[in-house]
Every structure is written in structure tokens, then in C-alpha cells.
Amino acid sequence: TEESDSIYLNKEELSEMSALDLTGKPELENVRYAFLIGCYTGLRYSDFSLLTLDHIKGNFIEIKPQKTNTPITIPVHKELVKLLEDHNGVLPKSLSNPEINLLLKDLGKQMESLKSKVFVSITKGGLKIEASYHKWELLTSHTARRSFATNEYIAGSKPLTIMAITGHKTEKSYLKYLKLDGKDQARILRQDWIDREKLSII
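Residues numbered from 1 in each chain as written. Predicted model: local features only at pLDDT ≥ 70, side-chain atom pairs only at ≥ 80, totals over all residues. Heavy atoms only, no water.

Draft legend 1. Expanded view of a nonpolar patch on the surface. Taken together, the side chains of Ile122, Leu127 and Ile129 present a nonpolar region at the surface, about 260 Å² in accessible area. Considering the arrangement of structural elements, one finds leucine 127 in strand 5 (residues 127-134). (Patch = residues over 30% accessible without salt bridge, like charges linked within 9 Å, V, L, I, M, F, W, Y side chains within 5 Å. Areas by Shrake-Rupley, 256 points an atom, 1.4 Å probe, with all protein chains shown as cover. Salt bridge = Lys/Arg side-chain N within 4 Å of Asp/Glu carboxyl O. Helix = DSSP H or I, 4+ residues; strand = E, 2+ residues; numbered from the N terminus.)

Below, the structure is given as C-alpha cells:
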């Protein structure tokens, strides 16, 4: 097996996606709405595409993921509240996975930050081959779940807490799932320094 080179979208990229003017583009508006729900819940596409208001109970989402069939509880993120308010409490129209992946690439093309190039390595014929892609070309429905897991880790949420939502069985498998580059790791270390400095002052 080899590690996936899948991407994630950071907080700034998610904000840029949210701010896109999609007037007159109802299909892209719908797929953005669905994708962002995934980014703020950590649910797989098979679950966030079937989410209903009945799953939302106060400040929490209670749902039984199709893959594990084990009930989980997810706090309702403030950005999800905003999304629901912006859409008058109506959830997005359900799409097939191939449909959402195709439309996500059309959506990503409109984002300046996703026009940057990323390198992906794959093994062909026993040889490691590296190819260059625009970041938007690698957008899929699963990017939402990976974005949730990575952004929560960067924000300082405890791995075991995040794993309770993502369903990873071991911390090792969860940490391999994250997509942190050197800059992300540097930000985390810098924040650790700031937090320790605050504690020493107290």
C-alpha cells in the first residue's frame, strides 16, 4: 500500500469558496453547499449527502454512518448554522458521487487559491512517478472529510476527540490521514509556543 496524496482545503480556502458569487449557477451553489456541510461535520459523502433536519437535535447532529453503522454525535459548527440560515433551513439536493466530483472541479476552477500546482506521487510498474496538478483538479467529495480532520487538528482539537467523529480506530491511522505540509506543522509549533508563553505569564 502507499499513502494517498489527497488534498485538503484550509480555513482560508474554505472562506474563499464560501465567498464565491455563484449567482445564476444553481448546480454549483448546490454542490458548494453540500461540500461545505461535509467540511464542517467530517461526515463521508454517503452520509452528508443524505443528511436531513431530523438528524439535527439542538446543538448536535446524531447520525448512524452507513459504513460503520455505529451512532455518532457531532457538534453543530457555527459555519453550518450560517449555511442553514443562508438557505432558509433547506438542505442541498442530493447528488451521486460522480456528479459531485465533476461539479466540484468546476467550482474549484473559480478559486484563485486552487490554481496553484501540487505534486502527486504514484507507483506505476514498480516506479515512483510524480505528476503536477492544479489543486482544483484533485477536489473530490472526500476532500471535505479530510479538510475537517486536518483543520480540527491544526486548530488544536484532541486527536481522540476527532477520531470519535471520523471513525479512525487508531491514532496512527488518523495521523496518516492528515495532510499537513511543513508550513502547517510550523504554524502548529508556533501556536504551541504562544500558548506555553501565555501559561508562563499566568
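Draft legend 2. Inspection of the packing of aromatic side chains at higher detail. A full pass over the atoms with the stated rule returns 2 aromatic pairs. On the basis of an interplanar angle of 90° and a centroid distance of 5.4 Å, the ring pair of tyrosine 45 and phenylalanine 48 is categorised as edge-to-face. Placement of the pair is tyrosine 45 and phenylalanine 48 together in helix 3 (residues 45-48), with a separation of 3 residues, close to one helical turn. Each member of the pair, tyrosine 45 as well as phenylalanine 48, carries the same accessibility label: buried. Plain terms: the ring middles of tyrosine 153 and tyrosine 174 are 6.4 Å apart, the flat faces sit at 65° to each other, and that makes the pair edge-to-face. Of the two residues, tyrosine 153 is situated in helix 6 (residues 142-155) and tyrosine 174 in helix 8 (residues 171-177); the sequence distance between them amounts to 21 residues. What makes tyrosine 153 partly exposed here is its relative accessible area of 24%. Taking the relative accessible area as the measure of exposure, tyrosine 174 reaches 0% and is therefore buried. Across from the ring centre of tyrosine 8, 6.0 Å away, lies the NZ or CZ of lysine 135, which sits over that ring. (Phe/Tyr/Trp six-rings, centres within 6.5 Å; stacked < 30°, edge-to-face > 60°. Buried < 20%, exposed > 50% of the residue type's maximum accessible area, 1.4 Å probe, protein only. Lys NZ or Arg CZ within 6 Å of the ring centre and 35° of its normal.)

Draft legend 3. Region of the structure containing the pattern of salt bridges. Counted by the stated rule, this structure contains 5 salt bridges. The salt bridge involving glutamate 13 is made with lysine 135; its shortest N-O contact spans 2.9 Å. Placement of glutamate 13 in helix 1 (residues 11-19) and of lysine 135 in the loop between strand 5 and helix 6 is noted, with a sequence separation of 122 residues between them. Looking at lysine 135, the relative accessible area reads 12%, which means it is buried. Lysine 109 is paired through a salt bridge with aspartate 106; the nearest N and O atoms lie 3.8 Å apart. Assessed through its relative accessible area of 33%, aspartate 106 is described here as partly exposed.

Draft legend 4. Inspection of the packing of helix 2 (residues 26-41) against helix 4 (residues 78-86) at higher detail. Two elements in contact, helix 2 and helix 4, have axes separated by 9 Å at closest approach and are oriented at 155°. On the basis of their axis angle, the class for helix 2 and helix 4 is roughly antiparallel. Between helix 2 and helix 4 lies a crossing of left-handed hand. Along the contact surface, helix 2 presents Tyr33, Leu36, Ile37, Tyr40 and Thr41, while helix 4 presents Glu79, Leu80, Leu83 and Leu84. Taken together, the residues of the contact of helix 2 with helix 4 sort by class into 7 nonpolar, 1 polar and 1 charged. (Axes fitted to C-alpha atoms, helices over the stretch in contact; angles between N-to-C directions. Parallel < 35°, antiparallel > 145°, perpendicular 65-115°, else oblique. Left-handed = near helix turned anticlockwise from the far one by under 90°. Contact = heavy atoms within 4.5 Å. Nonpolar A, V, L, I, M, F, W, Y, C, P; charged D, E, K, R; others polar.)

Draft legend 5. Focus on the pairing of strand 4 (residues 117-124). Note: strand 4 against strand 5, 8 bridges, orientation antiparallel. When the bridges of strand 5 are listed, valine 118 appears paired with tyrosine 133. With antiparallel pairing between neighbouring strands as the criterion, strand 4 and strand 5 make up a hairpin whose turn holds 2 residues, including glycine 125 at a positive phi of roughly 60°. (Pairing = 2+ DSSP bridges.)

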